Amino acid sequence: MNFPRTKPGFPISAAAHAGLLAATLIAFAQAPKFAETPETVPIEVITDQQLNQIMKGEKTAHAVKAAQRAEKVAEQVETHPHPPQAEAKRDVPTPPPSFKRTAEPSDDDAPEKPVKEAPTPPKRMAALTPEPPTRPAPPPKAVPAPPVKPQAKAAPDPDEDKPDDAEVVKPKPPVKPKLEKALKEPPTPPKPSEKPKETPRLKTDEVAKLLQQKKLENKAAKADDGDESDAEKSEKPSKTAESKTAKPKSGDETAPKSKFSAANIANLLSHEAPQQRASSGRERTQLASLGAPTATAAKMSPSLQGRIDSYTVEHYRKCWATTLSMNAMTYVPRVEFRLSRAGALEGEPRLLNPSTNPIEKARGEQALAAVRRCSPMQIPAEFTSYYDYWRVTELDMKEDM
Amino acid sequence: MTLNLTRRAAVSLIAGGALAPFAPARAARVLDLHAGGGFQPIAVAVTNFVGDDAARTVTSVVNNNFKRSVFLKPVDASSVAGGEIANPDQTPNLDAFRALNAQFVLTGRSQRGGDGRLKTDFRLFDVTTGEQAAGSQFVTDAANTRRVAHLVSDAVFTRITGEKGFFDTRVVFVDESGSKDHRRKRLAIMDQDGANVRYLTRGDDLVVTPRFSPSSQDVTYMAMTNEGDPKVFLINVESGQREAVGNFPGMSFSPRFSPDGQKIVMSLSEGSETNLYTMELRSRTTTRLTDTAAIDTSPCYSPDGSQIVFESDRGGSQQIYVMGAHGGGGAKRISFGGGRYSTPVWSPKGDYIAFTKQNAGSFGIGVMKTDGSGERILTEGFHNEGPTWAPNGLFLMFFRDSGGAGGPKIFMVDVFGRSEFPAPTPGYASDPAWGPLQD
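Residues numbered from 1 in each chain as written. Chains lettered and ligands numbered in written order. Predicted model: local features only at pLDDT ≥ 70, side-chain atom pairs only at ≥ 80, totals over all residues.

Peer 1: Quick question: what am I supposed to make of the overall build of chain B here?
Peer 2: Of regular secondary structure, chain B possesses four helices and 31 strands. The long-range fraction of contacts in chain B, counting pairs at least 24 apart against all pairs at least 6 apart in sequence, stands at 44%. (Helix = DSSP H or I, 4+ residues; strand = E, 2+ residues; numbered from the N terminus. Contact = placed C-beta atoms within 7 Å.)

Peer 1: Would you take a moment to explain the overall build of chain A for this structure?
Peer 2: Of the regular secondary structure elements, chain A holds 17 helices and three strands. Counting only residues that meet the buried cut, chain A has 53% of its 401 residues in that class. When contacts within chain A are restricted to residue pairs at least 6 apart in sequence, long-range pairs at least 24 apart make up 90% of them. (Buried ≥ 20, exposed ≤ 12 C-beta atoms within 10 Å, placed from the backbone.)

Peer 1: Can you help me understand the sheet that holds strand E16 (residues 263-270) of chain B in this one?
Peer 2: Sheets are built from strands paired through backbone hydrogen bonds, the pairs being either parallel or antiparallel. Residue and element names in this part refer to chain B. Overall, antiparallel pairing links the four strands, which are arranged E15-E16-E17-E18 in an open sheet. Strand pairing shows two members of the sheet lacking a second neighbour, strand E15 (252-257) and strand E18 (286-288), which therefore form its edges. Mean inter-strand twist for the sheet, computed between neighbouring axes without regard to direction, equals 25 degrees. In the sheet, E15 pairs with E16 via four bridges, with the strands oriented antiparallel. Residue pairing across strands places Arg 256 opposite Val 265, the latter belonging to E16. (Pairing = 2+ DSSP bridges. Axes fitted to C-alpha atoms, helices over the stretch in contact; angles between N-to-C directions.)

Peer 1: Looking at this structure, I do not really get the sheet that holds strand E2 (residues 345-351) of chain A. What am I missing?
Peer 2: In spatial order, the strands read E2(A)-E1(A)-E3(A)-E1(B); together these four strands make up an open sheet with mixed pairing. Edge strands, defined here as strands with exactly one partner in the open sheet, are E2 of chain A together with strand E1 (29-34) of chain B. Taken pair by pair, the neighbouring strands of this sheet meet at an average axis angle of 25 degrees, ignoring direction. Lying over the sheet, helix H15 (residues 302-317) of chain A contacts strand E3 (392-398) of chain A together with E1 of chain B, oriented at roughly 45 degrees with respect to E1(B). Where helix H16 (residues 358-373) of chain A meets the sheet, its contacts fall on strand E1 (334-339), E2 and E3 of chain A, and the angle it forms with E2(A) comes to roughly 165 degrees.

Peer 1: Would you mind going over the packing of helix H2 (residues 53-67) of chain B against helix H4 (residues 145-161) of chain B with me for this structure?
Peer 2: Angle between the axes and distance between the axes: these two values describe a pair of packed helices. Residue and element names in this part refer to chain B. Between H2 and H4, whose axes approach to 8 Å, the crossing angle comes to 45 degrees. When the axes of H2 and H4 are compared, the pair comes out oblique. The crossing of H2 and H4 is right-handed. Of the residues in H4, those in contact with Ala 54, Thr 57, Val 58, Val 61, Val 62, Asn 65 and Phe 66 of H2 are Thr 145, Arg 146, Val 148, Ala 149, His 150, Val 152 and Ser 153. The class makeup of the residues in the contact of H2 with H4 is eight nonpolar, five polar and one charged. (Parallel < 35°, antiparallel > 145°, perpendicular 65-115°, else oblique. Left-handed = near helix turned anticlockwise from the far one by under 90°. Nonpolar A, V, L, I, M, F, W, Y, C, P; charged D, E, K, R; others polar.)

Peer 1: Could you clarify how one ought to interpret the nonpolar core in this entry?
Peer 2: The nonpolar side chains of a soluble globular protein tend to be buried with one another. Residues and elements named next belong to chain B. Counting residues in each nonpolar core, the largest one holds 70 residues, and the members touching the most others are Ile 353, Ala 354 and Leu 396. Looking at this core, the element that brings in the most residues is strand E28 (residues 395-400), giving five residues. Residues Val 75, Phe 122, Val 152 and Phe 157 belong to the second largest nonpolar core, which totals 35 residues. (Core = buried A, V, L, I, M, F, W, Y, C linked by C-beta atoms within 7 Å.)

Peer 1: Please clarify how the confidence of the model for chain A should be interpreted in this entry.
Peer 2: As a general rule, the predicted coordinates of low-pLDDT regions are not to be interpreted in detail. All names here are of chain A. Overall, the predicted model of chain A reaches an average pLDDT of 62, with 37% of residues at or above 70. Segment residues 83-88 is flagged for pLDDT under 50; beyond a separation of four residues in sequence, or across chains, it makes 28 contacts in the model. Confidence drops under pLDDT 50 across residues 281-297; counting only partners more than four residues distant or on other chains, this segment forms 114 contacts. (pLDDT = per-residue confidence, 0-100.)

Peer 1: Honestly, the pairing of strand E21 (residues 319-324) of chain B in this entry has me stumped. Any pointers?
Peer 2: Note on strand geometry: in a regular strand, side chains alternate between the two faces of the sheet. Residue and element names in this part refer to chain B. Counting buried positions along E21 gives five out of six residues, so the element sits mostly inside the fold. As paired elements, strand E20 (residues 307-312) and E21 share six bridges and run antiparallel to each other. Bridge pairing links Glu 311 to Ile 320 in E21. With antiparallel pairing between neighbouring strands as the criterion, E20 and E21 make up a hairpin whose turn holds six residues, including Gly 316 at a positive phi of roughly 115 degrees. Strand direction decides the pairing type here: E21 and strand E22 (residues 332-333), joined by two bridges, are antiparallel. From the neighbouring strand, Val 322 faces E22, where its bridge partner is Lys 332.

Following this line, the structure appears as structure tokens:
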């Protein structure tokens, strides 16, 4: 190409463009990388009050009655969820369950291993589930606890790893607490020595008597225990009542506990003197924190919610068959129904989205009939404490997947 | 320690705790419940109707109807007090029926009054609520016992499923007798359950493709007379009066009524062409709908009268086409599977078109949506042909000629393809045409 000197436009322009392009490329290549964005962590901001509320639980909750022993009062080892050793004080081998289970501070921290003896543990665990948040560890233990219980007496070891017995304790809410006191001794897993003490078990009638007494005492003393005591009392006094796991909630527990302890101690002293189940000072406190099982479902673990939901769905599915319809049935009847504690239908099921189309109307009626036919529903023991969660249900009754 | 715990607890609780105040206090949980099993018919316990022999007839006709209904299933009530109900007006002992897994209980009475008329009433009880779900009374001539039973069956069927019934209907068909070489074909009519068979023609002419009017007691059909070409005839089933629809130079076949009963659509052959025509019954005016060199036949109106589905080989093989009821072109092909499609019929519900499909020696009766999608074959075999819809769009009748020395027989199938029932005709039978619910 010849570029006449008199017309230098083209080459100059080409060179300029090339230079600009090169400069740009170089500049970009050298540009600093963006800083790596830090991983985002979800943060929930809560206020002091909320935290306190969480720790403290609800005043109106049915607090787990802490097993309380007079002796224990002395040893408040609270806020130690772990050291079982601390509680080794069981001086008295007592069976009488008459101890009130108030949220004794002393019992609080000691996660009783009473669970071991409690025959009913599985239930308890469910009841106490709300507490888990504070004790990350406990929940898992709860599961192994029950099986261990039987041997608990025999082998201290299992106890040891139950520092988290707290969970195990959970199950105990009903009656057990009272019995727990007596049983406390035995449960204290960490002490093999205690084992021997565990042996004394209350005779049933004694326990019953004590329970009666306890009932009265508890009623008087524990205003706030409210239902818990009733629940406890109603439970069969079984010797093996598991001890409530005192979930040591640091700090917060003290407040409620102190409230109880004064009254409880007085009551206990007045009645139970001879029979202390000297549990090692660990109080089985039903940590009334986090509210009672009757608190909202938010306190349930998601896996438990899932179990209750799938149990319900599998149950009602037996009565719900697919429809014959050439066009995919787009109408999905939504049926709302309420269950009593025993799983029986309360009132009539209700169709929330009735239709005027005759075929859809017939389908809606079939949906209501299906719910009626499949009622009542057997409620497994582990769900009974979560009545609030499954009391009202809405079913979207769909076709086959 | 306290501090530690708090912090620890706080960390672990942050999400849950923060949400706690926001969790709904007692909200109902909402669960998805997918149906647990395949379709189950709804069980109805049919108790013995109280009354005289009419009551016994009603009970057995109702039982038989439910057995063929696919949606309902009759439960034998004889284990509960022998199936007898002392007072059909009262709620029966529902616990006993619940134990039979019945969802509904039907009670009733049927007896002749002093004036000779038959008075029938029924009550349907819902076992899950204990309340009466339906009840009605009918008065009719004593000769109509079976019709009353069909009316009771329809009322129960509609109440439970929401669909229209089909029991109080009649079917026109071609009764075949004689040897294969000298087959005598007569036009006949019967109740949908096979009772009350009556012959409408003597059998001198060979009759084919009868079609019921949707609005009157008239049947149109084609007859091959010995003298001339096949002709379309109109016959009134009550009076037996018959007339020729028109004089057409060419052959005419496949006549069908329009939904309002005022027109007949049919195909006429002229030379090598066969095209569709409509004729006003009153004025006898004819209108040509298609104009192709192909063979267009087997026309059928949509239930709203706006479209016509028909069979044509204009594309090279027999396929199904849909066009506007006024013709004039614009026919759209809707059958695309392998094989040849013929005898299309539009469901009275308007949602499906049934057809005969022939593929590699096998004949099947199938349904497809009106745009051609969702094709399903309901029954297959050698020589299944000629579907006709029940007036509620849920059942089809067709005929099957298994070949050999025997002859064709009529069968009923539900549109879901779940069950097939033979229609009990006195002899061989073909070309069924299902009539509307009688009023």
